[in-house]
Structure formats: structure tokens, C-alpha cells
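Structure at a glance
What follows is each chain in one-letter form.
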Amino acid sequence: MGQFPSSLLRLVVGLVVILLSSAWAAPRLQRNALQVYFVDVEGGQATLFVTPAYQSFLIDTGWPGYEGRDAERIVAAAKRAGISQIDYVLITHFHRDHVGGVPQLTARIPVGAFIDHGVNRETTDAATNEVWGAYQKVLATGKFGHIVAKPGDTLPVRGMKVTVISSDGDLIGPPLPGAGQGNARCKDAEQYPADKTENARSLGTLISFGKLRLLDLGDLTHDQEVKLMCPVNKLGKVDIYIVSHHGSSQSGSPALVHGIAPRVAIMDNGARKGGNPPSWEVIAKSPNLEDLWQLHYSEEGGGARNVADEFIANPNGPDAGNYLQLTARPDGSFAVFNSRTKRTKEYPAR
Ligand SMILES: [Zn+2]
């Protein structure tokens, strides 16, 4: 008699735990929603978009080496999203933390086509030459499509609109539809020296899904940002800003960040990469900002600048590869899920 209630209790507790853990495991994949996975590649970029019709689009592939760590994290995100191939892989530029993971990724999951800005323009840098060479080998197999994108192009991804803003140092000419307003932050826009690296060549895109607008400019630098945003704001306002250059102080000028005035910013920094205090301050003062989310605690930012723990996927300590997931809905509402806390924050449509 004494045993029965305790085993019954254990059963009930077990069932409750299973129910709760499945409810918290990940946001239910919602019909009609776009899912965006911010994969932790330790201060590089890998952002996976999956549309309601399971069309998929990956921006960048993380680092080479580490026994395929970044490619494996991307494949894990793809599995969670219910896809078994990636239709398009966009390479913003040819630095190691963006293109480096291509050979390991293509060894693990089928890819339809690559999209990039053309050729490596930083041939004086050995590390860049090396990953560029490895990427060229992958393209030379002839197994993949290859698109070189120009500003103003609409990419062939179905189920969301991907407009090219910047590519190989060139920028869109006329403002995007509905944009072209003045930008109050141009008055005090600093004059930035021209960046000579691959960063300034970044293939940047504006992604629209119903009413929602999301901006990713890769590692585009200050000098290019100011040309996009001054004297008029060619981009208009956005809902979600994927923080340029992992929050490096070479990018993320007030003219850009305050001009696009995002509701939410998501920073793909590492513990010791990006997350530089000056660019953080700009985000923190951005006029419409509701939250900044970080893939990592930034050691350089310290207690003064890192956001509250619940908005950080990987806090200080051993890395666990936790991710952030955005669920975007056509009515303009969205939600951000932190895979570490298993909590989701909702942002109602405006
Ligand atoms: Zn980078």
C-alpha cells in the first residue's frame, strides 16, 4: 500500500515533466511563420531562415576547423526546422568567420546554390586567401548553383523577399520603396575612412516577410553605412536588425542604427569577438529599441554593458552552443526564443 502512491506520484511527476519540457523545448513551428535560427558560431555568422513552405536560406557558414563544430550546429538547426537540405547559402564576404565553414557544411547537408559578391578583394591576407580557395574548390565541383548578386537584385528565395542592398562595395541607388526620408543622425555623422578589406564588400540584404522587415549587412563598415543612410535614409525603418559585424566598433554607426530604428537587435558576437562598447552604446540609445539579444556574454562589455542574463544565449562560462530563434509572422508580430532558458518573448504587431 505504501509503494503504490509514491510510484503513482512519480508517474504523475514524470508526465508533467514531459509535458512541460515539450512545451518549453522550442517554440512550436507555427504555420505561416518564418523561422530564423541564430546559430552560435563563436563570433562568426550563421543565420538560417526557413519559410512556411520549407524554403531555406542560410546567411554565412561560420568558421573552418574545430572538427566541423559550426557546420554541425547549422545542420542541427536545419533538423529542428524540419529541412534536409539548404536551398540557398549566401556568403556575405570572404573572411574566415563567414565563408570558412563551406567545405564542412557541404560535406554534411545538400546545398542548392551559393550566392556571393563575386571575387575575393583582399588577396593580401593569407587567411582570407585560404578560405576563399577552399570555397572555390567547392564551387568547382559543379554540384551547386552560383549567383553573383548586385545591389537592387531580388534573390530567388521563395516565400519571403530578399533585396540586395550592398555587394562588392556597391550600394543601392534609389531608396527602397517607402524609404528616402531625412535622417536626423546625418548632421553629426562622422567622416569615416574607406575600409579596404572584404568587410566593406559585404553582401547585405533586407528581408521582408509580410509586414516584417529584417536587415542583415554582414560586416559592412561605417564608411558604407553612411552612404546608405545620408543625406537620406535609403533603407527605412526595420523591425529586426542583425547587428552588423558582430557588434564591432568598425560598424553600427548612429546614422545606420538610429536611422533604421529597430524594435529588436540580435548580436552574433562571441565571448571575445565583437561586442565592442562603442557600438553597443549606439544600440542602447536607438530610439525604438525594445530589446537587444546577444548570442554570447561579451567579456569586453563586462557587467556594465551586457544585457540581462535572460537575453543572452551563452552566458559567461564554458560554451554550450545555445541558439536564439526568431519566429516572424506576416502580421508584423514576432517572438524570440532563447534555447538556454527555454523562454520565449513575444513582440505584438504594431
Ligand atoms: Zn565577421
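What you see is a predicted model, and the numbers here were worked out from it, not measured in a lab. (Residues numbered from 1 in each chain as written. Predicted model: local features only at pLDDT ≥ 70, side-chain atom pairs only at ≥ 80, totals over all residues. Heavy atoms only, no water.)

Strand order in the open sheet made by the nine strands is E6-E5-E4-E3-E2-E1-E17-E18-E19, with mixed pairing throughout. Edge positions in the sheet fall to strand E6 (145-148) and strand E19 (343-347), since each of these pairs with one other strand and no more. Shown here is a sheet whose adjacent strand axes are inclined to one another by a mean of 20°, direction ignored. Sheet topology places strand E17 (residues 324-328) next to strand E18 (residues 334-338); five bridges connect them, and they run antiparallel. Bridged to Thr327 within E18 is Ala335. Across the face of the sheet, helix H2 (residues 69-81) comes into contact with strand E1 (34-38), strand E2 (47-50), strand E3 (56-59) and strand E4 (86-90) while running at roughly 20° to E2. In this fold helix H5 (residues 126-140) packs onto strand E5 (111-116) and E6, with an angle of close to 135° to the strand it touches most, E5. (Pairing = 2+ DSSP bridges. Helix = DSSP H or I, 4+ residues; strand = E, 2+ residues; numbered from the N terminus. Axes fitted to C-alpha atoms, helices over the stretch in contact; angles between N-to-C directions. Contact = heavy atoms within 4.5 Å.)

With that settled, consider the coordination of the zinc ion. Those donors, Asp97 (OD), His98 (NE2), Asp219 (OD) and His246 (NE2), are the protein atoms that reach the zinc ion, and they lie 2.1 Å from it. Motif for the zinc ion, donor spacing along one chain: D-H-x120-D-x26-H. Of the two residues, Asp219 sits in the loop between strand E11 (212-216) and helix H6 (222-229) while His246 sits in the loop between strand E13 (240-242) and helix H7 (254-260), which places them 27 residues apart along the sequence. (Donors = N, O, S within 2.8 Å, 3.2 Å for Na, K, Ca; no water.)

A few words now on the confidence of the model for the protein chain. Averaged over every residue, the pLDDT of the protein chain is 93; the share at 70 or more is 92%. In the model, residues 20-25 has pLDDT below 50 throughout and makes five contacts with residues more than four positions away in sequence or in other chains. (pLDDT = per-residue confidence, 0-100.)

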